[in-house]
Amino acid sequence: MISSRTSSLRDSGIAYLFLAPAFLFIVVFIAYPLVYSFYLTFTEYDFVYDSAPKWVGLKQYISIWEDKVFMSSLKNTLVFALLYYVIVMFFSLLIAFIIDELTKGQTFYQLAVYLPIIVPLSLAGVIFVWILDPTFGVFNHILRSLGFKSLSNKNWLSDYSTALPSMVVITLWKYVGFNVIIFLAGIQSLGKSIIEAARVDGVSFFQEKFLVILPNIKAHLSMASLYSIVQAIKVFEVPYVTTGGGPGTATLTLYLYSWRTAFGYFKMGKAATIAYITAALIIFFSFLSNKFLEEKEK
Amino acid sequence: MIRKKTTLLILYLIATLIALVFLAPFVWIIFTSLKPSKEVFSYPITLFPHSVTLEHYKYVMFRMSDFRRYFWNSTVITGVSLAIIAISSSLGGYALGRKNFWGKNWFIVFILLVLAIPYSVYLIPIFIMETRLGIKNSYLALILPYVALNLPWGLFIMMGTFRGIPSEIEDAARIDGCSEYQLWSRIMLPLAKPGLATTIIITFIFIWQEFIYAVTLQTDAKWKTLPVGIVHIRDELQSLAYDNLSVAVILSLLPLFIVFVALKDFFIKGIVEGGVKG
């Protein structure tokens, strides 16, 4: 008894020692900032003029709702997120189903869809600003040669109605492959017997995919859903690089607004409040996603 | 059971169309990089390059000192961060995967939570901290937060890897008189190599691409990394400089491309086994 207790004590000592370097980094650069920025949400802190944060209680959480720019960036973020989430989930599922069916050259098709994952969002923005350029851009050129005259003069990224959808497209290009990876892993982990049994029963392509396979890859669906929620809400690089939040505030997102409030206007208390609200949105939607997609058995 | 030939043909057609759409931006940026400047800005534009030149590649590689500087910054910051992450996550992952200690489950829950919270929440305090310490605009300015932000990911992968090693191996090594450190370095670590490879490629891709910390903490042009530096070059040059810019984009994607194509399977494993990333 005693010897096993001392040995387990010794064991935890060793464990702490092994964990120490990682623990130190996480405490200083994650745990402390997490707590400190929560504290900041209860203060007013102009980083240029104030020597220390001033405690104001819940003021930030109340006054933020009267800020028109905040409300418009909240709306933009939600619209972007909804559009992006629905399309990315559906599209990547469909692409995974198609690639899974291919008998030859699967690796090529996978690589083509996965490749944009390596492009930083900021550079994806740079590339698409060039592609969507109204005069020298290839996109309008193709539209012109296909005969879509009225569309081919559009300035996609500076038009009120198309700027946000264009950003959705750029983000989709980068991340669809990410979800295809997850869905393909799910589909290919299924035993062949389920699918073959269904085919013997003569189900159609879509019946097989959506009624037979889909319910069996819930874990992967849930994982892709969580990734997509994070991608849909933390939108920063694309508006930063392509539109700067404009025209007006048409593409200003919560993430970009929080960043500007902090590092453009140095209002740290307000910026931390916006950042926490953004985090709360992600956690709320992740929670919803878990509730709907988590496997109920156990 | 094989599908009907026509069904398969239709699927191939759709798949090829999809592949083309995903590859088109790469193709376009490569074409642009090879066209002479006059052709890049001709109207109507040319789809395929009429004449091919390497002048933009020569210009960016040999005469654009800013670009070389950004490439070097990215290399140093990514390299050092990766080394620290590799060491501390294979140490910490061992403790989490094979030891029992007080607070272990709380720690695991905490790092899972961290993966879901957006980066900006930490950024404001880190900015304040680094301003006070005077380490903004330095390699350290990004290395420290990059290590911390990617560690949860590494710890998670390494924890799973170490946990999967059979305990008979550990018992046999102990009977042979291995010390704890020897057990870790000579027996466990070599067996955990696939996990380590996954950790390294995933964090490599994340760090080389990172934008928001880099744009905030490196305000001085000298210290910028590629994703921020290229945007900076674009803004400095004001208007359309896409001939040289596309070369800069291609060259900065090259390391990612090589690593990704060579180690794709490790990356996939990391994504599927990882969890959620904020």
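Everything numeric here is computed off the predicted structure, so don't read it as measured data.

J.: Looking at this structure, I do not really get the overall build of chain B. What am I missing?
T.: A tally of helices and strands in chain B yields 14 helices and zero strands. Its helices and strands in sequence order give chain B the pattern α-α-α-α-α-α-α-α-α-α-α-α-α-α, from N to C terminus. Expected size for 278 residues packed as a compact globule is a radius of gyration near 19 Å; at 23 Å, chain B overshoots this value by more than 25%. Projected onto its principal axes, the C-alpha coordinates of chain B cover approximately 75 × 65 × 35 Å. Taking the contacts inside chain B whose residues are at least 6 apart along the sequence as the reference set, 79% of them involve residues at least 24 apart.

J.: Sorry if this is basic, but what is going on with the overall build of chain A here?
T.: When its secondary structure is counted, chain A shows 13 helices and two strands. Relative to the 2.2 N^0.38 estimate, which gives 19 Å for 298 residues, the radius of gyration of chain A is 24 Å and therefore markedly larger than a compact globule would have. Taking all 298 residues of chain A together, 44% fall into the buried category.

J.: Just checking my understanding: could you explain the domain arrangement of chain A for this structure?
T.: By a frequent convention, interface size equals the accessible area lost on bringing the separate parts together. All names here are of chain A. Domains assigned within chain A are domain 1 (4–55) and domain 2 (61–293). The distance between the C-alpha centroids of domain 1 and domain 2 comes to 33 Å. Contact residues are listed per partner, giving eleven residues for domain 1 and eight residues for domain 2. When residues of the side of domain 1 that touches domain 2 are traced back to their parent elements, those giving at least two are α1 (2–40) and β1 (43–44). Tallied by class, the residues present in the side of domain 1 that touches domain 2 amount to six nonpolar, three polar and two charged.

J.: How do you make sense of the interface of chain A and chain B when you look at a structure like this?
T.: Across the boundary between the two partners, chain A contributes 74 residues, which contact 72 residues of chain B. At 19 residues, the largest contribution of residues to the side of chain A that touches chain B is made by α1(A). Residue classes in the side of chain A that touches chain B are distributed as 59 nonpolar, nine polar and six charged.

J.: Looking at this structure, I do not really get unusual backbone geometry. What am I missing?
T.: Excluding glycine, residues mostly have negative phi values, and the peptide bonds linking residues are mostly trans. In this chain, Gly246(A) is followed by Pro247(A) through a cis amide linkage whose omega measures 0 degrees. Note that Pro247(A) resides in the loop between α11 (237–242) and α12 (254–263). Omega for the bond connecting Tyr43(B) with Pro44(B) falls within 30 degrees of zero, at 0 degrees, which places this linkage in the cis form. Along the chain, Pro44(B) falls in the loop between α2 (37–40) and α3 (55–63). Even without being a glycine, Phe266(A) presents a positive backbone phi close to 55 degrees. Among the structural elements, Phe266(A) can be located in the loop between α12 and α13 (268–293). Judged by the 15 C-beta atoms lying within 10 Å of it, Phe266(A) is partly exposed. Here Asn137(B), not a glycine, exhibits a phi torsion of approximately 55 degrees, which is positive.

J.: Could you clarify how one ought to interpret the environment of Ser51(A) in this entry?
T.: Residue and element names in this part refer to chain A. Counting through the fold element by element, Ser51 comes out in the loop between β1 and β2 (54–55). Residue Ser51 is classed as exposed on the basis of its 6 C-beta neighbours within 10 Å. Sequence separation of Ser51 and Leu281 is 230 residues, and the distance between their C-alpha atoms is 31 Å.

J.: Mind showing me how you'd approach the domain arrangement of chain B here?
T.: All names here are of chain B. Each domain of chain B was delimited in the assignment, giving domain 1 (1–53) and domain 2 (62–274). Just the C-alpha atoms count here: the centres of domain 1 and domain 2 sit 33 Å apart. At the junction of the two partners, domain 1 supplies seven residues and domain 2 supplies seven residues. For the side of domain 1 that touches domain 2, the elements supplying multiple residues, two or more each, are α1 (5–34) and α2. At four residues, α1 tops the list of elements feeding residues into the side of domain 1 that touches domain 2.

J.: Is there a simple way to explain helix α4 (residues 106–114) of chain A in this structure?
T.: Every α-helix winds through 3.6 residues per turn, so residues three or four apart in the chain are directed the same way. For α4(A), the full list of buried residues reads Tyr109(A), Gln110(A), Ala112(A), Val113(A) and Tyr114(A). Contacts from the buried residues of α4(A) go to α3 (68–101) and α7 (163–189) of chain A together with α1 of chain B.

J.: Explanation requested: the environment of Leu237(B) in the structure shown.
T.: Residue and element names in this part refer to chain B. Its place among the elements puts Leu237 in the loop between α12 (226–236) and α13 (242–262). The class for Leu237 is exposed, based on 12 C-beta atoms found within 10 Å. In the structure, Leu237 is positioned 170 residues away from Phe67 in sequence and 13 Å away in space, judged by C-alpha atoms.

J.: Looking at this structure, how should I read the packing of helix α4 (residues 65–98) of chain B against helix α7 (residues 139–163) of chain B?
T.: When two helices pack together, their arrangement is given by the angle between the helix axes and the distance between those axes. Residues and elements named next belong to chain B. As a packed pair, α4 and α7 sit with axes 6 Å apart at the nearest point and diverge in direction by 35 degrees. Both α4 and α7 take part in a crossing whose hand is right-handed. Per-class residue counts for the contact of α4 with α7 are 17 nonpolar, eleven polar and two charged.

J.: Is there a simple way to think about the nonpolar core in this case?
T.: Here is a general trend for soluble globular proteins: nonpolar side chains tend to be buried in one another's company. Ranked by size, the top nonpolar core spans 164 residues in total, and within it Val113(A) and Val126(A) carry the most contacts. No other element matches the 16 residues that α7(B) contributes to this core.

Criteria and thresholds
- Residues numbered from 1 in each chain as written.
- Chains lettered and ligands numbered in written order.
- Predicted model: local features only at pLDDT ≥ 70, side-chain atom pairs only at ≥ 80, totals over all residues.
- Helix = DSSP H or I, 4+ residues; strand = E, 2+ residues; numbered from the N terminus.
- Rg over C-alpha atoms; globule rule 2.2 N^0.38 Å.
- Contact = placed C-beta atoms within 7 Å.
- Buried ≥ 20, exposed ≤ 12 C-beta atoms within 10 Å, placed from the backbone.
- Domains from an automatic or database assignment.
- Nonpolar A, V, L, I, M, F, W, Y, C, P; charged D, E, K, R; others polar.
- Axes fitted to C-alpha atoms, helices over the stretch in contact; angles between N-to-C directions.
- Left-handed = near helix turned anticlockwise from the far one by under 90°.
- Core = buried A, V, L, I, M, F, W, Y, C linked by C-beta atoms within 7 Å.

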